[in-house]
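Residue strings, one per chain:
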Amino acid sequence: MKVSYNWLSRYLSKIPSPQDAADKLTLTGLEVEDIEQTGSDLEGIVVGEVLDVQSHPDADRLVVCQVDIGSGEPSQIVCGAPNVAAGQKVAVATVGSVLPKPLSDGSPFKIRKAKIRGQKSAGMICAEDELGLGDDHSGILVLNNELKPGTPFSDVSGLSRDFVFEIGLTPNRPDATCHLGVARDLAAVTDAELRKPLDNLPEASSGLKKDAITIADTDKCHRYVGIVVRGVTIGESPDWLKELLRAIGLRPLNNVVDITNFVLHELGQPLHAFDLHRLAGQRIDVRSFDKDIPFTTLDDVERTVPAGSLFICDGEKPVALAGVMGGVNSEISKETTDLLIESAWFEPVGIRKTSRTLALQTDSSYRFERGVDPDVTKNAALRCAELILELCGGTIEGMEDVHPVKTDPEVVSLRHDRLSAILGTELAPETAENILNRLEIGTEREKTNDLAWNCTIPTFRPDITTEIDLIEEVARIYDYNNIPDPERITITSPDPVPFGELFREKVRQAAVGAGLSEIYTNSLLPERFMESLGGASTVVPTLNPITKDQALLRTGLLYGFLRSTAYNFNRGAVGVRFFEIGNIFRKDKNGGTWIRGIHEATHLHVGVAGSTHSDHWKTPARTFDLFDLKAIVEAILVQLDIKELTTWKTSEGSLKIFSDHLDGAVIGTLSPVSALWKKQTDLEADAFSAEVDIDLLQQLALQKVSKTYKPVSRFPSFEFDLALVVDKQVASGDLVTQMQKVAGDQLIRVEVFDVFEGGSLEKKQKSIAFRLTFQDNAKTLTINDVDPVIQKILKQLGADFSAELRS
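The structure presented is a predicted model; accordingly, all values stated were derived computationally and were not measured. (Residues numbered from 1 in each chain as written. Predicted model: local features only at pLDDT ≥ 70, side-chain atom pairs only at ≥ 80, totals over all residues. Heavy atoms only, no water.)

**Side note on helix 6 (residues 255-267)**
Part 1 of the reasoning: Compared with an ideal rise of 1.5 Å per residue, which puts 13 residues at 18 Å, helix 6 spans 18 Å between its outermost C-alpha atoms and is within 8% of the ideal.
Part 2 of the reasoning: A large share of helix 6 lies buried, amounting to 11 of its 13 residues.
Part 3 of the reasoning: Where helix 6 begins, one side-chain oxygen reaches toward the backbone nitrogen of Val256, 3.2 Å away; that side chain belongs to Asn254.
Part 4 of the reasoning: The first or second residue beyond helix 6 is Gly268, which carries a positive phi of 85°. (Helix = DSSP H or I, 4+ residues; strand = E, 2+ residues; numbered from the N terminus. Expected span 1.5 Å × (residues − 1). Buried < 20%, exposed > 50% of the residue type's maximum accessible area, 1.4 Å probe, protein only. Polar contact = N/O pair within 3.5 Å; in protein donor to acceptor, adjacent residues only side chain to side chain.)

**Considerations on the pattern of salt bridges**
Part 1 of the reasoning: Here the structure, examined in full by the defined rule, presents 36 salt bridges.
Part 2 of the reasoning: Among the ionic pairs, Arg356 bridges to Glu369, the shortest N-O distance being 3.1 Å. Here Glu369 lies in helix 8 (residues 363-370) and Arg356 lies in helix 7 (residues 348-358), a separation of 13 residues in the sequence.
Part 3 of the reasoning: With a shortest N-O distance of 2.9 Å, Asp721 and Arg771 are connected by a salt bridge. Here the residue Asp721 occupies a position in strand 37 (residues 718-727), and Arg771 occupies one in strand 39 (residues 765-774), the gap between them amounting to 50 residues. (Salt bridge = Lys/Arg side-chain N within 4 Å of Asp/Glu carboxyl O.)

**Looking at the side chain of Thr425**
Part 1 of the reasoning: Here Thr425 shows up in the loop between helix 10 (416-423) and helix 11 (429-438).
Part 2 of the reasoning: The exposure class of Thr425 is buried, given its relative accessible area of 15%.
Part 3 of the reasoning: Each residue touching Thr425, except ones within four places of it in the same chain, is listed here: Ser420, Ile483 and Pro484. (Contact = heavy atoms within 4.5 Å.)

**Considerations on helix 12 (residues 467-478)**
Part 1 of the reasoning: With 12 residues, helix 12 ought to run about 16 Å at 1.5 Å a step, and its terminal C-alpha atoms sit 17 Å apart, in line with that.
Part 2 of the reasoning: By the criterion of burial, helix 12 is predominantly enclosed, with nine of the 12 residues buried.
Part 3 of the reasoning: Those residues of helix 12 not exposed but buried are Glu467, Asp469, Leu470, Ile471, Glu473, Val474, Ala475, Arg476 and Ile477.

**As for the sheet that holds strand 38 (residues 747-756)**
Sheet strands pair via backbone hydrogen bonds, and the direction of the pair is either parallel or antiparallel.
Part 1 of the reasoning: Judged by pairing direction, the sheet is antiparallel, and its four strands sit side by side in the order 38-39-37-40 without closing on themselves. Looking at which strands have only one partner, the edges of the open sheet turn out to be strand 38 and strand 40 (804-805).
Part 2 of the reasoning: By the bridge criterion, 10 bridges tie strand 37 to strand 39 in an arrangement that is antiparallel. Paired with Ala723 across the bridge in strand 39 is Ala769.
Part 3 of the reasoning: The strands that helix 18 (residues 732-743) touches are strand 37, strand 38 and strand 39; relative to strand 39, the one it contacts most, it runs at about 35°.
Part 4 of the reasoning: Relative to strand 37, helix 19 (residues 783-801) is tilted by about 15°, and along the sheet it contacts strand 37, strand 39 and strand 40. (Pairing = 2+ DSSP bridges. Axes fitted to C-alpha atoms, helices over the stretch in contact; angles between N-to-C directions.)

**Overview of unusual backbone geometry**
Part 1 of the reasoning: Positioned with a positive phi, Asp479 is a non-glycine residue whose angle comes to about 90°.
Part 2 of the reasoning: Take Asp479: it is sitting in the loop between helix 12 and helix 13 (499-513).

**Some points on a negative patch on the surface**
Part 1 of the reasoning: Where like charges cluster on the molecular surface, the negative patch consists of Glu31, Glu33, Asp34 and Glu36.
Part 2 of the reasoning: By the element assignment, Glu36 lies in strand 2 (residues 31-38).
Part 3 of the reasoning: Its relative accessible area of 41% is what places Glu36 among the partly exposed residues. (Patch = residues over 30% accessible without salt bridge, like charges linked within 9 Å, V, L, I, M, F, W, Y side chains within 5 Å. Areas by Shrake-Rupley, 256 points an atom, 1.4 Å probe, with all protein chains shown as cover. Lys, Arg positive; Asp, Glu negative; His and termini not counted. Charge placed at Lys NZ, Arg CZ, Asp CG, Glu CD.)

Keep in mind these numbers describe shape, not what the thing actually does.
Structural data, given as structure tokens:
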């Protein structure tokens, strides 16, 4: 946002230098990102009188002029303007002066003595654009003939050098979208007097006819002020007004339009002026429509305005798009004599939605979107009327202030001890109170606590809602640099991260380690998938969907995987390995997770599709199958250290993961993607999907005994080989489990190193050779220590499995 330094100075009793002002504004939170110098003090540019004009002997388009610049002897100046003539009073840039408009390369345009086609030239007769007065370069600027040669041009034009601040305004500061708002902060931090331009506003009685202004949609328009001014004369604005508007990048149009723009940037209240005679019935109705409306705005572009947008209408038709731009059917023209000045408060969300939909942001919408002050609406209209009477003539016929929804100031408490604790320094109560008052925040000491205030927040500061906001206001005006550094600081330990968050991150890392790529997809699904997701008894719909494609909450993560897969395949991918961690939602008649009637859970989805790798002459391409997916899921369970707590079962072409530790609950399901789902998501390749309930995985992880550190024994291990003859149906794992139970802690490892069938063994028998490793942390084991344990093992295995020691 651009702010003029000269404009700011109109509202301050004193103002620091441009650089100091920029630094102070930045420290208050209004960051000045750039300072641009515009114009100049016009030093060395004077009024001259053209005494004589002769043709240039060597150039058809140039003339040689003798010009009186008040120095005694006439100056010879070569000029190329077609309109120069003897007897004119002109603006002359003398030798050594610098023009406000720089050269094309950005360097200063400094006037020097020169020879132009052999003729001496000591100065330059200036055009309007060269003086920074406008864009006209068709000829020299001809001045009032009564001016005296040698008069400084700055005395004639009223122009001066200015500095324009580019402020990076944050959305929470709508009060600072105008010069008065910025001046308020600067006055507070410099202790200058703030001079508001609202002291001598004209009086305007309610002289309009009944129902001249009505508001049909009071939710979107809380206040509308209209003032009728008759007998105005449309013309050019005075130089001071044009100069201020040009400084902030606005192009002057005519006195009425320029005044509305001036008040907008002065007070932050957008205004609009209608030609009263172009309003059917000379009335205003503020309303919205339930259908799209074609409307031609002031930039002469016809737009289709979406249903629900707010319009300003006359007795027959829309005449302005509320808060955004007026219409061509009611704009001011040279023939306009009677005006209706509009000043209103429009609801920010509606203006923002309309502006974004039409891709049309204006100075007005920029402010309405952030929220303008509802209390300045009337004064802004009167300020506009005051300037119109002064610069355009006319009289005020009457004013109507329709205010169906009032906005009362908020009251927020502030404690002095809390203020000091947050700032880290003891601030005098009078100092804090003075700062708040300079920001126009009312303060009243609490009756029960003299060191606490009830603060009345002005309506132009909707961002101040809590005590900490008030503390921030005091701190930024007091200046953070004035707060001393603490002698010591207290470092608090952060709250421990909940196990659930740690576990989800562990799942994420395990999935990445298994070679998967993470995707994030939308939790809102298209309305047409209602039945595919389980029907109305299962699916949770959104109450106010943005579009039909975002109307249902997802009941699983499959749709996002398939859409992402189709997107990648359409761009040349031959195979994908994706995972996603996200929440799913289902209706629940028996209760709910967070909201009654809605079950919410966190799921892990793993999906593969296409080929495992690109085709190669050494390794031909192979498509993924269900068991590739099973291997990936098992790898994740291994990394989570809960694989042994799960079991797998087949069910109608799919695999299900169970756990006896969770009463047989289904933890996850692996299955091929159906043809219907592939068709609905435009996917041609075969795909396989696994969806696992992370909340159930987490419960398993909590049941897992945590690992503890055990030092390596200082004593050597003892190995003993054992060959057992058992029935072929006996599993070696069952034998190992029983060995470990009988042997106790000294048996640290059991390995199968040989299996033999045939020979002297019966057909139904097999021989399994085991290597048993024993170790003790207190001594070196010998055969005398191990042999009793071996005998116990043989006795138990003989009883349980009819196992015999092979001879």
